[in-house]
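Fold and contact review
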Amino acid sequence: MKFVDFQASYGFSPKKALKADFPYVRSLLEKSGVTVAVLHSLEGLYYDPKAGNEDVVSVCRENSCKEITFIPSGTFNPLEGVERCLEIVQRGFDLGIRFWRLYPEQMRFAADHPVLNIVLPLIAENGGVVGVDAVPAAVETIVRIAGDECPLVTSLHYYDSANWCLRLSPYANVFPSCRLLHGIESVDYAAKYFPNRIVFSSDVPFGAISSPLGLLHPDQKKRILYENAAPILRRLKYDH
Amino acid sequence: MIIDIHGHLGRWYFPTVDVTAMMAERALAENGVDMLLVSSSYALRYDLVEGNRRLAQSIRGSDRIKGYVVLNPNYPDLSLKEMEKYADNPDFVGFKIHPEIFHHRLDTPQGMVLCEAIAESKKPLLIHTFGSSMETPLQVVKPIETYPSMKIILAHSGGYDWNLANDIASLSPNLYSEICCTCTCVQKIENLIEGFGEDRVMFGSDFSLFDEAYSLGMAKDADLTPTQRRKLMGDNAAKLFGFCTSEE
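Keep in mind that this is a model prediction, so the values were computed, not measured.

So, how was this worked out
Residues numbered from 1 in each chain as written. Chains lettered and ligands numbered in written order. Predicted model: local features only at pLDDT ≥ 70, side-chain atom pairs only at ≥ 80, totals over all residues. Heavy atoms only, no water. Phe/Tyr/Trp six-rings, centres within 6.5 Å; stacked < 30°, edge-to-face > 60°. Helix = DSSP H or I, 4+ residues; strand = E, 2+ residues; numbered from the N terminus. Buried < 20%, exposed > 50% of the residue type's maximum accessible area, 1.4 Å probe, protein only. Lys NZ or Arg CZ within 6 Å of the ring centre and 35° of its normal. Pairing = 2+ DSSP bridges. Contact = heavy atoms within 4.5 Å. Buried area = accessible area lost by both parts, 1.4 Å probe. Polar contact = N/O pair within 3.5 Å; in protein donor to acceptor, adjacent residues only side chain to side chain. Nonpolar A, V, L, I, M, F, W, Y, C, P; charged D, E, K, R; others polar. Salt bridge = Lys/Arg side-chain N within 4 Å of Asp/Glu carboxyl O.

The subject of this paragraph is the packing of aromatic side chains. Under the definition given, this model contains 20 aromatic pairs over all chains. Both rings, one in A:Y10 and one in A:F22, keep their centres 6.0 Å apart while their planes meet at 85°; by these two values the pair is edge-to-face. A residue pair is termed long-range when its members are at least 10 positions apart, and A:Y10 in strand 1 (residues 4-10) and A:F22 in helix 1 (residues 22-32) qualify at twelve residues. Ring geometry for A:Y158 against A:Y159: centres 5.5 Å apart, planes inclined by 55°, an arrangement best described as tilted. Take A:Y159: its relative accessible area is 30%, and that puts it in the partly exposed class. Linked through ring pairs, A:Y158, A:Y159, B:W12, B:Y13, B:F14, B:F210 and B:Y214 together constitute an aromatic cluster. One cation-aromatic arrangement involves A:K16 over B:W162; the distance from NZ or CZ to the ring centre is 4.2 Å. If you follow B:R54 out to its NZ or CZ, it ends over the ring of B:Y42, 3.8 Å from the centre.

Dropping the structure here:
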């Protein structure tokens, strides 16, 4: 079965002594039957977005095969300034990066940072997709800046369901992941507000793939693991 | 045999269902879990006496659902009376304290009064632990050193900060670890088994706040030997709480 995971990371884990090297992450993805993984570089998150973006592109190129496709995810840090962010994003598009993950909480920038007003529309115009995990108000700010045409993949926390179901469901380009919808029947609850838009992400190796997978009813699996992701994959130019 | 040692009955402040004992039994059957140990969310969030009473009523005579008596260190005298009230009730197998909800750590003078009574009772205490100073696993150090026979289970094992739980694992053979958390990193289970040893780590889910399937998925993905898995999923809990093990 086709199985798309929008959040897998690799590299070195500086904040906790954990294995996160690519071979280990790949083994976890393969063991769970993931066939498409959007791959994020921890070097890009924690140290240098430019170097991380270049590395993730090579890792994806060298390791994609018949069984599993790795899609590179790039990032940039608004704190580095607009000139460098534009250079990084342009270089990323040249390398084939179309998925761009923002880390407002980890990199400590505000969701309304003015650099985003310049860079996110550029990503949208170039056919990119944005990924971000943040509180719903921050996600709403980012989706407004990115515009209606740019899909946005996010992980919404079950605990804040009463907030995001009203705040984010009006945006047809928001695709929530089931990763943190761990409450009883909360995937069903989210599906009411985001019909045909719930997708899958695991945050492997920091999260177990089988945890969010275990929340899905058999009749939801095909939709959430692949069908709902199809429009995003098409925009990323990966017709799996 | 699968024993889920961390569950609740009652309402939460999220858009979720108000889980009754009957609904919990159905969830256990769906998830292939044999037993569930629960505390009352009413007692944890509001009134311990009424919450414990409601739980006693809900689980009376159940073979599959057993209870923790909730104790609140803000009310040591009331808590001691609750301990006495349910001391001989076979439906209750331990105690539950939530320092973050009660805004009261275990290692305060009032908390230590309860620790003395818990140690005497010989029943385990399940204490919520996470990363903040109010929830830190380190608050059990003083109780363990003062009452070495006290059995303590670190619910969540410090959450994302399970290294703090591991740091104190060697303090006492009566200190146990429970795995559940929003963080489902499989290396958490593997690390805790390294730190506590395979006989002192137990499966829990935080049902009904969490679907049991979430924690079951985490356990499924962990790289464990068959023996480690059997012990994690039920045998360690069976031994600690005096239930039959899968070998019996």
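What follows concerns the pairing of strand 6 (residues 152-155) of chain A. Residue and element names in this part refer to chain A. Of the two faces of strand 6, both are covered, the one formed by L152 and T154 as well as the one formed by V153 and S155. In the sheet, strand 5 (residues 129-132) pairs with strand 6 via two bridges, with the strands oriented parallel. Among the inter-strand pairings, G131 is bridged to a residue of strand 6, identified as V153. For strand 6 and strand 7 (residues 174-177), the ladder comprises four bridges, and the chain directions are parallel.

All right, on to the interface of chain B and chain A then. Note: interface size is frequently given as the accessible area lost on complex formation between the parts. Taken residue by residue, the interface counts 28 residues in chain B and 29 residues in chain A. Summing the contributions of chain B and of chain A, the shared interface buries around 2,300 Å²; its carbon and sulfur component is 54%. Across the chain B-chain A interface, the total number found is twelve residue pairs in polar contact (both at pLDDT 80 or more). Every element with two or more residues in the side of chain B that touches chain A is listed here: helix 8 (162-167), helix 9 (186-196) and helix 10 (212-221) of chain B. In terms of residue count, helix 10 of chain B provides more of the side of chain B that touches chain A than any other element does, six residues in total. Among the residues making up the side of chain B that touches chain A, the classes are represented as 15 nonpolar, eight polar and five charged.

Residue and element names in this part refer to chain B. Assignment of secondary structure puts R229 in helix 11 (residues 226-241). C-alpha separation for the pair R229 and F92, spaced 137 residues apart in sequence, amounts to 26 Å. With sequence-adjacent residues up to four places away left out, R229 is seen in contact with A219, K220, A222 and L224. A distance of 2.7 Å separates a polar atom in the side chain of R229 from the backbone oxygen of A219.

Moving on to the side chain of A:S13. Residues and elements named next belong to chain A. One can find S13 in the loop between strand 1 and helix 1. By relative accessible area, which is 8% here, S13 ends up buried. With residues up to four places along the chain from it excluded, the contact list for S13 reads L18, A20 and F206.

With that out of the way, let us pick up the pattern of salt bridges. Residues and elements named next belong to chain A. Evaluation of the coordinates by the stated rule reveals 19 salt bridges over all chains. For E54, the salt bridge identified is with R91, shortest N-O distance 3.3 Å. Of this pair, E54 sits in helix 3 (residues 49-63) while R91 sits in helix 4 (residues 82-95), and the two are 37 residues apart along the sequence. We note a salt bridge from D203 to R179, for which the minimum N-O separation is 3.7 Å. One end of the pair, D203, is in the loop between helix 9 (186-193) and helix 10 (210-214); the other, R179, is in the loop between strand 7 and helix 9, with 24 residues separating them in the sequence. Both residues of the pair, D203 and R179, belong to the buried class. Each of R101, D133, R179 and D203 takes part in salt bridges that share partners, so that together they form one network.

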